[in-house]
Protein chains: 2
Amino acid sequence: MTEKEVNTEDKILNAAKEVFQKKGMTGARMHEIADKAGINKALLHYYYRTKERLFEKVFENAFSLIIPRVKEMIASEKSILEKIDFFVDNYIELLKQHPYIPGFIINELNRNPHILIDIIEKNTLVKQEHLIEVLEKQIENDVKANKIRAIDARSLLINILALCVFPVVARPVLTGVLFENDPKAYEKFLSQRKDLVKEFIKNALLL
Amino acid sequence: MTEKEVNTEDKILNAAKEVFQKKGMTGARMHEIADKAGINKALLHYYYRTKERLFEKVFENAFSLIIPRVKEMIASEKSILEKIDFFVDNYIELLKQHPYIPGFIINELNRNPHILIDIIEKNTLVKQEHLIEVLEKQIENDVKANKIRAIDARSLLINILALCVFPVVARPVLTGVLFENDPKAYEKFLSQRKDLVKEFIKNALLL
DNA sequence: GTCTATACACTGATAGAC
DNA sequence: GTCTATCAGTGTATAGAC
């Protein structure tokens, strides 16, 4: 696909990414991945031994592209309100570039929660107890200063994530039920959403 | 499973529901469904001809259990703020009783968006242009009366849905990343969420 | 209606030539 | 490293006896 696919290994991984994210682990076919990579089925097994190993590589890449960014963006030296703006802007932009990944991650983890355990251990960026603590401290200070309403740090973070991610993963249902199955209309709705979400959250938070 | 499974057809449908919702269309096996129903593989085809037909029945049941309720609950004779309380309370309760259905619907529709078209035509409860119009009128009036902030009706509805549904569909990720993989802690978080969501939305809305 | 047996296509994976 | 050929297993679906 892209010009930088020098070696076969990358060609396979890119093809696998496409097929797995579209069809899921159980729906994907090694045959289709091989075709899309322009190589033979046997080569898949030469490079990745089994379907499961290939899937795990794809899943890990998708996961570490989307999830650790939450910590990155929240852990900056900013006020709460600045963090919200920064996070919503950048995360919605990130999701626009990778619209299939959140649904892929959510679905595969629901089918097979244990794959998360290995990844969390490998990916140090995900271990983020401090993220919550820092956020809690910040909220506590702003509450004392009468700037914002009291709220549990995890709840706030999950609310923000929900407002950013849900419209992307539930796109087909929402398009069908609330936008008379008009993809253009839903696209327009999504493009206007950044400011709306920021406003909604800040209104909920500010005193 | 339940005592009312008089006929084989229902036994199959209940078993199919379990397996399809857990494994998805492509991950489910007719063999497993037959075993779970306590009957033979051949009988599945006697009653439902193909795997796809059986799946469609299961999907339609799940869909019409969860989606048309949105209209039902919003279309009552209540003020906006009353509707929010009513909706959040009842929808979160509904999701607690059927925690796998939202993820199931979202995933299958992402893989195969066309199945929604047939259902919307069959299920008159989903055709709800008026729902949005009524909500728009209500918001307009409350805005004029200086009760609430201006907001697009679809955006408000999607925000409410996001805050209710996302924590349920993203449970494994959130448990792993934000709750140190402690299911009990996440369960507790969810059980306290009703009031939190209602408060969050109303704060965002009220002037 | 329910069962057993079986057809038959497909899937993931390997062997072995080049 | 890459290919062709092929295997063993599994999956949906049907035929036919009871």
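For the structure itself, look to the data block above.
Our subject in this report is the structure included herewith. Worth saying up front: this structure is predicted, and the values here are computed from it rather than measured.

**Side note on the interface of chain A and chain B**
- Tallying the contact residues gives 54 residues for chain A and 54 residues for chain B.
- Between chain A and chain B, roughly 4800 Å² of surface is buried when both sides are summed, and carbon and sulfur atoms account for 69% of that area.
- For the pair chain A and chain B, the interface holds two salt bridges.
- Of the charged contacts, one joins Glu 180 of chain A and Arg 154 of chain B as a salt bridge, the two residues approaching to 3.8 Å between their closest N and O atoms.
- On the surface where chain A and chain B come into contact, there are 15 residue pairs in polar contact (both at pLDDT 80 or more).
- Taken together, the elements giving at least two residues each to the side of chain A that touches chain B come down to helix H1 (8-27), helix H7 (101-111), helix H8 (115-122), helix H9 (129-144), helix H10 (153-169), helix H11 (171-178) and helix H13 (193-205) of chain A.
- Ranked by the residues each element gives to the side of chain A that touches chain B, the list is headed by H10 of chain A, at 13 residues.
- Across the side of chain A that touches chain B, the residue classes tally to 33 nonpolar, 12 polar and nine charged.

**Regarding the protein's contact with DNA strand D**
- Taken together, the neighbourhood of DNA strand D is formed by 15 residues, with Thr 8, Asn 40 and Tyr 47 of chain A together with Arg 29 and Lys 51 of chain B sitting nearest.
- The contact in question runs from a phosphate oxygen of DNA strand D to an N or O atom on the side chain of Thr 8 of chain A, over 2.9 Å.
- At 2.8 Å, a side-chain N or O of Arg 29 of chain B approaches a phosphate oxygen of DNA strand D.
- Contributions of two or more residues to the surface near DNA strand D are made by helix H3 (41-48) of chain A together with helix H3 (41-48) of chain B.
- Among the elements that line the surface near DNA strand D, the one with the most residues is H3 of chain A, at four residues.

**A word on the side chain of Asn 159 of chain A**
- Positionally, Asn 159 of chain A belongs in helix H10.
- Residue class for Asn 159 of chain A comes out buried when judged on its relative accessible area of 1%.
- There is a polar contact of 2.7 Å between the side chain of Asn 159 of chain A and the side chain of Arg 193 of chain B.
- Setting aside chain neighbours within four positions, we find Asn 159 of chain A in contact with Ile 151 of chain A together with Leu 163, Arg 193 and Phe 200 of chain B.

**A closer look at the protein's contact with DNA strand C**
- As a structural note, the neighbourhood of DNA strand C is formed by 15 residues, with Met 30 and Lys 51 of chain A together with Thr 8, Asn 40 and Tyr 47 of chain B the closest of them.
- The protein-proximal atoms of DNA strand C, defined as those within 4 Å of the protein, are 64% sugar or phosphate.
- In this structure, Ala 28 of chain A approaches DNA strand C through a main-chain N or O atom, which is 3.4 Å from a phosphate oxygen.
- Looking at the surface near DNA strand C, the elements that each hand over two or more residues are H3 of chain A together with H3 of chain B.
- Sort the elements by how many residues they give to the surface near DNA strand C and H3 of chain B lands first, with four residues.
- Among the residues making up the surface near DNA strand C, the classes are represented as eight nonpolar, four polar and three charged.

**Structural notes on the nonpolar core**
- Core analysis: the largest hydrophobic core is formed by 153 residues, its most contacted members being Phe 63, Tyr 91 and Ile 105 of chain A together with Phe 20, Phe 63, Tyr 91 and Ile 105 of chain B.
- If we skip the residues at most four places from it in the chain, Phe 63 of chain A touches Pro 68, Ile 105, Leu 109, Leu 116, Ile 119 and Val 126 of chain A together with Val 173 and Val 177 of chain B.

**Observations regarding the relation of the copies chain A and chain B**
- Placing chain A over chain B gives an RMSD of 0.0 Å and needs a rotation angle of 180 degrees, together with 0.0 Å of translation along the axis. Here the symmetry operator amounts to a two-fold rotation axis. Of every C-alpha in chain A, the one belonging to Ala 204 of chain A sits nearest the axis of rotation, 1.8 Å from it.
- A shared binding surface is used by both copies, with 100% of the interface residues of chain A retained as interface residues in chain B.

**Focus on the packing of aromatic side chains**
- Under the counting rule described, the total for this entry stands at 21 aromatic pairs over all chains.
- Here the aromatic rings of Tyr 46 of chain B and Tyr 47 of chain B are separated by 5.1 Å at their centres, their planes lie at 90 degrees, and the arrangement is edge-to-face.
- Note on Tyr 46 of chain B: relative accessible area 63%, which makes it exposed.
- Here Phe 87 of chain B and Tyr 91 of chain B contribute two aromatic rings whose centre-to-centre distance is 4.8 Å and whose plane-to-plane angle is 15 degrees, an arrangement assigned as stacked. Linking Phe 87 of chain B with Tyr 91 of chain B, this pair stays in helix H6 (residues 80-97), spanning four residues, or about one helical turn. Exposure class is identical for Phe 87 of chain B and Tyr 91 of chain B. Each is buried.
- Members of the aromatic cluster, each reached through a chain of ring pairs, are Phe 20, Phe 55, Phe 59, Phe 63 and Phe 104 of chain A.
- Between Lys 78 of chain B and the ring centre of Phe 86 of chain B, over which it is positioned, the NZ or CZ distance is 3.9 Å.
- Here the basic side chain of Arg 154 of chain B rests over the ring of Phe 179 of chain A, its NZ or CZ set 5.1 Å away from the ring centre.

**Structural notes on the pattern of salt bridges**
- Scanning the model with the defined rule gives 22 salt bridges over all chains in all.
- A salt bridge links Asp 89 of chain B to Lys 198 of chain B; its shortest N-O distance comes to 3.0 Å. Placement of Asp 89 of chain B in helix H6 and of Lys 198 of chain B in helix H13 (residues 193-205) is noted, with a sequence separation of 109 residues between them.
- Assessed through its relative accessible area of 13%, Lys 198 of chain B is described here as buried.
- Residues joined in a network through salt bridges with shared partners are Asp 89, Asp 195 and Lys 198 of chain A.

Rules behind the numbers
- Residues numbered from 1 in each chain as written.
- Chains lettered and ligands numbered in written order.
- Predicted model: local features only at pLDDT ≥ 70, side-chain atom pairs only at ≥ 80, totals over all residues.
- Heavy atoms only, no water.
- Contact = heavy atoms within 4.5 Å.
- Buried area = accessible area lost by both parts, 1.4 Å probe.
- Salt bridge = Lys/Arg side-chain N within 4 Å of Asp/Glu carboxyl O.
- Polar contact = N/O pair within 3.5 Å; in protein donor to acceptor, adjacent residues only side chain to side chain.
- Helix = DSSP H or I, 4+ residues; strand = E, 2+ residues; numbered from the N terminus.
- Nonpolar A, V, L, I, M, F, W, Y, C, P; charged D, E, K, R; others polar.
- Near = heavy atom within 4 Å.
- Buried < 20%, exposed > 50% of the residue type's maximum accessible area, 1.4 Å probe, protein only.
- Core = buried A, V, L, I, M, F, W, Y, C linked by side-chain atoms within 4.5 Å.
- Least-squares fit on C-alpha atoms with pLDDT ≥ 70 in both.
- Phe/Tyr/Trp six-rings, centres within 6.5 Å; stacked < 30°, edge-to-face > 60°.
- Lys NZ or Arg CZ within 6 Å of the ring centre and 35° of its normal.

These results come straight from atomic positions and should not be treated as a statement about function.
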